[in-house]
Amino acid sequence: MTNRMWGGRFSAGPSEIMQEINASIDFDRRLFSQDILGSKAHCTMLAATGILSKKDASEIKKGLDQVQSEIAEGTFTFSRALEDIHMNVENRLKEIIGDTAGRLHTARSRNDQVATDFRLYVRETVDVLDQQLKALQTALAEKAETHAATIMPGFTHLQTAQPVTFGHHCLAYVEMLDRDRGRFHDARKRLNECPLGAAALAGTSFAIDRKMTAADLGFDRAMRNSIDAVSDRDFVLEVLAAGAIAAVHLSRLAEEFVIWSSAQFDFIRLSDKFTTGSSIMPQKRNPDAAELVRAKTGRILAALTGLMVVMKGLPLAYSKDMQEDKEPAFDALENLSLAIAAMTGMVEDLVPNEAAMRAAAAHGYSTATDLADWLVRELGLPFRDAHHVTGSIVAIAEEKQLDLADLDLTDMQGVEPRITASVFNVLSVEASVASRTSLGGTAPANVRKQARRWRKALK
């Protein structure tokens, strides 16, 4: 038996294997609300342009409402033989209202239908992700204000570099996440064009009003080229690219949480809500939520790469390859949403170990740059000379197993005789962070100001 939706020219039905590889209903059923929304807008436009009678339009809309209710309530029976969400909806509509259902597909194709549904889905998802990222920014900004003066080591190459504050570190991620939101906003602007009415690829001979359907569905405009409307998925690629970058940012923070919560660092304590135990070692407290956020980044990056590979060799216009756009995108965007939620919970609940952070910041000669700056400022040395002098002093401190602040003045004067006791005013970690008052610096006053600015902006 041929497919009754498209099998008029076929004398036999598809094999079981063909049905298996061709069906998408198992995953595209989640587009049912977008599909029905698009169908209602198309129906309204067909009636407004006189292509469809008002009576038929009214019947179709009532039938679509019933289909939506059945799917939402879980009483709808999906058929794999009908391949996708579009034909499942249309078939059930025909069962409800009869042959009038077949008029709904006038002046459209599954090609423009799926492109419209997918754009609606991605647009809604972007809006949700934006609010989630905003909530994570807020949690980080609040933590930053609370810990504007909590000293910790700043790292380069994961080696102690200079003292910073925990609040300053948190605000670095607020900035990153804001750029992530900006990328999603930009992607949303570009995807907010309506493919509906492009039909299979060439447009239609019916006198439709594409501007009307675009406006009805909340799009900024109708897409200007019918081939482009059905054949590209760059809107998904762009959102996945933005999602991949955001996921990388989440993964970097998750990695820090894993490191910082270890016994060797002991910088933070994650709450019981986001840690797990061991089946054999009762003392264990594992940062599993952070590890899973880190791992899910791989899935999100893979979705972007996978869709790029699918699209890279496709001639215009639509090819069935493009059915492979949805599963990876659904999975990636769902997992990104979950990762953001988990990270927000961890940030809200974590408790910094201020004493351990402060102690670590004081090790590793983290105020060596402050010594070099003092030599430049007070003695007028060129920075490169000051750098060399400081390196020599650090070598002496290292040999004596002392921090710079604990080194005798005479040891320093043995390298540079003009050094005075006032040098000790810049060698504490507190003095170091307090001195970093330049724009974007880690000084607690700066951090408080920026944290408050962010909290106000995010409200």
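A look at the packing of aromatic side chains
- According to the stated counting rule, one finds 10 aromatic pairs in the structure shown.
- Taken together, the ring pairs in this structure connect Phe155, Phe166, Phe257, Trp260, Phe265 and Phe267 into an aromatic cluster.
- Cation over ring: Arg29 sits above Phe78, and NZ or CZ is 4.2 Å from the ring centre.
- Taking NZ or CZ as reference, Arg123 lies 4.8 Å from the ring centre of Phe219, over its face.

Structural notes on helix H3 (residues 32-48)
- Here H3 is 17 residues long and its end C-alpha atoms lie 24 Å apart, about the 24 Å a rise of 1.5 Å per residue gives.
- For H3, the tally of buried residues reaches 12 of 17 residues, placing the bulk of the element in the interior.
- At the exit of H3 stands Gly50, carrying a positive phi of roughly 80°.

Focus: the pattern of salt bridges
- Applying the stated criterion to the full structure yields 31 salt bridges.
- Across the pair Glu142 and Arg455 runs a salt bridge, and its minimum N-O distance is 3.8 Å. Remark: Arg455 occurs in helix H18 (residues 444-458) and Glu142 occurs in helix H6 (residues 110-146); sequence separation between them is 313 residues.
- Glu142 gets classed as partly exposed once you look at its relative accessible area, which sits at 36%.

Looking at empty space enclosed by the protein
- Summed over all chains, the structure comprises one cavity of 30 Å³ or more.
- Contributing to the lining of the largest cavity are Leu140, Lys143, Phe166, His169, Cys170, Tyr173, Leu253, Phe257, Trp260, Val347 and Leu350.
- Elements with a contribution of two residues or more to the lining of the largest cavity: H6, helix H7 (166-191) and helix H10 (234-260).
- The element contributing the most residues to the lining of the largest cavity is H7, with four residues.
- Taken together, the residues that form the lining of the largest cavity break down as nine nonpolar, one polar and one charged.

Concerning the packing of H6 against H7
- Contact geometry for H6 and H7: axes closest at 9 Å, N-to-C directions at 165°. Taken as axis vectors, H6 and H7 run roughly antiparallel relative to one another. Crossing of H6 against H7: the hand is left-handed.
- Its residues assigned to classes, the contact of H6 with H7 comprises 16 nonpolar, three polar and 11 charged.

Some details on the environment of Lys211
- In this fold, Lys211 is placed in helix H8 (residues 210-216).
- Its relative accessible area of 69% is what places Lys211 among the exposed residues.

Here we look at unusual backbone geometry
- Between Leu316 and Ala317 the backbone carries a cis peptide bond, its omega angle lying at 15°.
- Along the chain, Ala317 turns up in the loop between helix H11 (288-311) and helix H12 (326-349).
- Despite not being glycine, Glu83 has its phi angle at roughly 75°, a positive value.
- With respect to the element layout, Glu83 can be found in the loop between helix H4 (54-73) and helix H5 (85-97).
- For Ala199, which is not glycine, the phi dihedral falls at a positive 60°.
- For Ala199, a relative accessible area of 8% translates into the label buried.

The rules behind each value
- Residues numbered from 1 in each chain as written.
- Predicted model: local features only at pLDDT ≥ 70, side-chain atom pairs only at ≥ 80, totals over all residues.
- Heavy atoms only, no water.
- Phe/Tyr/Trp six-rings, centres within 6.5 Å; stacked < 30°, edge-to-face > 60°.
- Lys NZ or Arg CZ within 6 Å of the ring centre and 35° of its normal.
- Helix = DSSP H or I, 4+ residues; strand = E, 2+ residues; numbered from the N terminus.
- Expected span 1.5 Å × (residues − 1).
- Buried < 20%, exposed > 50% of the residue type's maximum accessible area, 1.4 Å probe, protein only.
- Salt bridge = Lys/Arg side-chain N within 4 Å of Asp/Glu carboxyl O.
- 1 Å grid on protein atoms, 1.4 Å probe; cavity = no way out; pocket = protein on both sides within 12 Å on 5 of 7 lines; lining within 4 Å.
- Points joined across faces, edges and corners; volume = space filled by probe spheres on them.
- Nonpolar A, V, L, I, M, F, W, Y, C, P; charged D, E, K, R; others polar.
- Axes fitted to C-alpha atoms, helices over the stretch in contact; angles between N-to-C directions.
- Parallel < 35°, antiparallel > 145°, perpendicular 65-115°, else oblique.
- Left-handed = near helix turned anticlockwise from the far one by under 90°.

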